[in-house]
Amino acid sequence: MTKPQAIHTDQAPKAIGPYSQAVRAGDTVYLAGQIPLDPATMQMVEGDFEAEARRVFENIKAVIGAAGGSFAQVTKVTVYILDFADFPTLNKVMAEYFSEPYPARVTVAVAGLPKGARVEIDCVVELE
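A brief report on the enclosed structure follows. Small disclaimer: the values here were computed from a predicted structure and weren't measured.

What counts, and at which threshold
Residues numbered from 1 in each chain as written. Predicted model: local features only at pLDDT ≥ 70, side-chain atom pairs only at ≥ 80, totals over all residues. Heavy atoms only, no water. Core = buried A, V, L, I, M, F, W, Y, C linked by side-chain atoms within 4.5 Å. Buried < 20%, exposed > 50% of the residue type's maximum accessible area, 1.4 Å probe, protein only. Helix = DSSP H or I, 4+ residues; strand = E, 2+ residues; numbered from the N terminus. Contact = heavy atoms within 4.5 Å. Pairing = 2+ DSSP bridges. Axes fitted to C-alpha atoms, helices over the stretch in contact; angles between N-to-C directions.

1. A look at the nonpolar core
Stage number 1. L31, F57, I60 and I121 are the most contacted members of the largest nonpolar core, which totals 29 residues.
Stage number 2. Those elements that provide at least two residues to this core are β3 (28–31), α1 (49–66), β4 (74–81), α2 (87–97) and β6 (119–126).
Stage number 3. If near-sequence neighbours (up to four positions away) are discounted, I60 is found in contact with L31, Q34, F71, I121 and C123.

2. Description of the sheet that holds β3
Within a sheet, neighbouring strands are paired by backbone hydrogen bonds and run either parallel or antiparallel to one another.
Stage number 1. Across the sheet, which stays open at both edges, the 6 strands sit in the order β1-β2-β3-β6-β4-β5 with mixed pairing between neighbours. Because the sheet does not close on itself, it has two edges, and the strands there are β1 (5–7) and β5 (104–109). Recorded for the sheet is a direction-independent mean angle of 15° between the axes of neighbouring strands.
Stage number 2. Of the strand pairs in this sheet, strand β2 (residues 22–25) and β3 are connected by 4 bridges, and their pairing is antiparallel. The partner of V23 across the bridge, within β3, is Y30.
Stage number 3. This element, α1, spans β1, β2, β3, β4 and β6 of the sheet and lies at about 30° to β6.
Stage number 4. In the packing of α2 onto the sheet, contacts are made with β4, β5 and β6, and the angle to β5 comes to roughly 150°.

3. Quick look at the pairing of β2
Stage number 1. Across 3 bridges, β1 lies against β2 in antiparallel orientation. Across the sheet, Q5 pairs through a bridge with R24, a residue of β2.
Stage number 2. Hairpin connection of β2 to β3: 2 residues between the antiparallel strands, including G26 at a positive phi of 65°.

Structural data, given as structure tokens:
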């Protein structure tokens with residue numbers, strides 16, 4: 001087994017705790033949860049849920065790219081959301097980034113997220 005290696009890009013927000021943006025173990029990349037932080041300012045994006053979701057997917061795209069992958073290689077997505085009223089918007093935005101076959105997904109309603117975010121998403125990528 002190869003030693004896990006941290007993945008980092010300045011095109012996504014810096015970790016706000018003792019964790020990596022992603023870790024590659026073999027051909028699998030495990031992304032940490034992304035919230036709608038602007039990587040340039042490290043501030044939350046302004047706007048509605050759609051703006052937050054889009055920023056999260058752009059952050060994920062940057063980390064996946066730094067690992068040498070693409071959305072087509074994502075096998076599992078976990079979404080943490082504050083309000084299921086935003087679920088249709090989440091689906092709309094996600095469909096702009098993924099195509100069939102879609103990854104497996106779990107969506108969990110939570111009581112709170114870091115920095116007051118309305119959505120946090122992590123995923124698993126298979127590079128080979």
